[in-house]
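Topology and contacts: notes
One-letter residues, chain by chain:
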Amino acid sequence: RAGSAAVSLQPPPAGGLPMRFEPFDTGLIVQHLRQQVPELHFVGGAADYAAVRELASFRTPSAYVVFAEEENTGKFPATPQVCFQGSSAKFGVVLALRHYSEQLGEQMQQEARRLIGASRIALIGHKPASQGAAPVAWVSGKVMDYDAGVLLFADLYQLHNTLHRD
């Protein structure tokens with residue numbers, strides 16, 4: 001029709017407005033743990049974690065950062081062509097730790113407790129170098145698996161991240 005404007009559903013061209021609607025980059029957490037907890041022999045991501053098939057194959061001590069989920073913070077855009085959206089991003093840090101003597105897994109050795117604490121110190125309150133990210137908060141921790149030689153311990157963390165159009 002004459003006089004009506006067409007609305008394009010196509011994304012803007014490559015030279016258009018940059019957007020930051022991607023999921024939170026857990027690689028920033030991997031880098032931070034490598035720098036702040038040098039006692040860890042290896043710090044990797046989800047692909048590294050998935051590649052290990054049995055407890056005995058984990059290098060100890062090591063850490064694996066795994067993206068868990070993102071969810072809306074309960075605020076929805078009130079206007080068309082939203083420029084920002086609040087989200088809550090969660091990620092896990094799985095620690096593979098030496099587990100020498102405890103056959104029942106009821107108590108962790110002091111070395112395992114110290115490395116769990118060092119990882120928490122490095123992350124709790126850390127603000128990742130990502131525009132829109134808030135400081136990291138600890139959510140929970142638990143033993144995932146163990147045998148006579150290796151303990152897998154997972155901490156869940158959360159941060160608020162603003163998805164936005166620059």
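The coordinates are above.
This text gives an overview of the structure that appears in the document. Please read these numbers as outputs of a predicted model, since none were measured by experiment.

With respect to the packing of aromatic side chains
As enumerated under the stated definition, the model contains six aromatic pairs in all. Each ring, one from Tyr 49 and one from Phe 58, has its centre 6.0 Å from the other, and the planes form 35°; the classification is tilted. For the ring pair Phe 91 and Tyr 157, a centre distance of 5.6 Å and an interplane angle of 20° mean the geometry is stacked. In this pair, Phe 91 sits in strand 4 (residues 84–98) while Tyr 157 sits in strand 6 (residues 150–165), placing the two residues 66 residues apart along the sequence. Per residue, the accessibility class of Phe 91 equals that of Tyr 157, and both read buried. Every member of this aromatic cluster is reached through a ring pair, and the members are Phe 42, Tyr 49, Phe 58 and Tyr 64.

Describing helix 3 (residues 110–123)
Its 14 residues give helix 3 an end-to-end C-alpha distance of 20 Å, which sits within 8% of 20 Å, the value for a rise of 1.5 Å per residue. Taken together, the buried positions of helix 3 are Ala 112, Leu 115, Ile 116, Ala 118, Ser 119, Ala 122 and Leu 123. The buried residues of helix 3 occupy an angular sector of 160° when the element is viewed end-on, so they sit on one face. Among the exposed residues of helix 3, those pointing more than 90 degrees away from its buried face are Gln 110 and Ile 121. Of the residues flanking the end of helix 3, it is Gly 125, one or two places downstream, whose phi is positive at about 90°.

Things to note about the environment of Val 43
Looking at the secondary structure, you find Val 43 in strand 2 (residues 42–44). On the accessibility criterion, Val 43 (5% relative accessible area) is buried. When the C-alpha positions of Val 43 and Val 30 are compared, they lie 6.2 Å apart, and in sequence the two are 13 residues distant. Those residues in contact with Val 43 that lie beyond four places of it in its chain are Val 30, Leu 33, Arg 34 and Ala 63.

Looking at the nonpolar core
One finds Phe 24, Ile 29, Leu 33, Phe 91, Val 93 and Leu 123 to be the most contacted residues of the largest nonpolar core, which totals 27 residues. Mapped by element, the contributors of at least two residues to this core are helix 1 (27–36), strand 3 (62–72), strand 4, helix 3 and strand 6. When residues in this core are grouped by element, the largest group, six residues, is from helix 3. The contact partners of Ile 29, leaving out residues within four places of it in the chain, are Phe 24, Val 65, Phe 91, Leu 123, His 126, Pro 128 and Val 136. Residues Phe 58, Tyr 64, Val 94 and Ala 96 belong to the second largest nonpolar core, which totals nine residues.

Rules behind the numbers
Residues numbered from 1 in each chain as written. Predicted model: local features only at pLDDT ≥ 70, side-chain atom pairs only at ≥ 80, totals over all residues. Heavy atoms only, no water. Phe/Tyr/Trp six-rings, centres within 6.5 Å; stacked < 30°, edge-to-face > 60°. Helix = DSSP H or I, 4+ residues; strand = E, 2+ residues; numbered from the N terminus. Buried < 20%, exposed > 50% of the residue type's maximum accessible area, 1.4 Å probe, protein only. Expected span 1.5 Å × (residues − 1). Arc of directions from axis to C-beta. Contact = heavy atoms within 4.5 Å. Core = buried A, V, L, I, M, F, W, Y, C linked by side-chain atoms within 4.5 Å.

Note that every value here comes from positions in space, so none of it alone points to a role or purpose.
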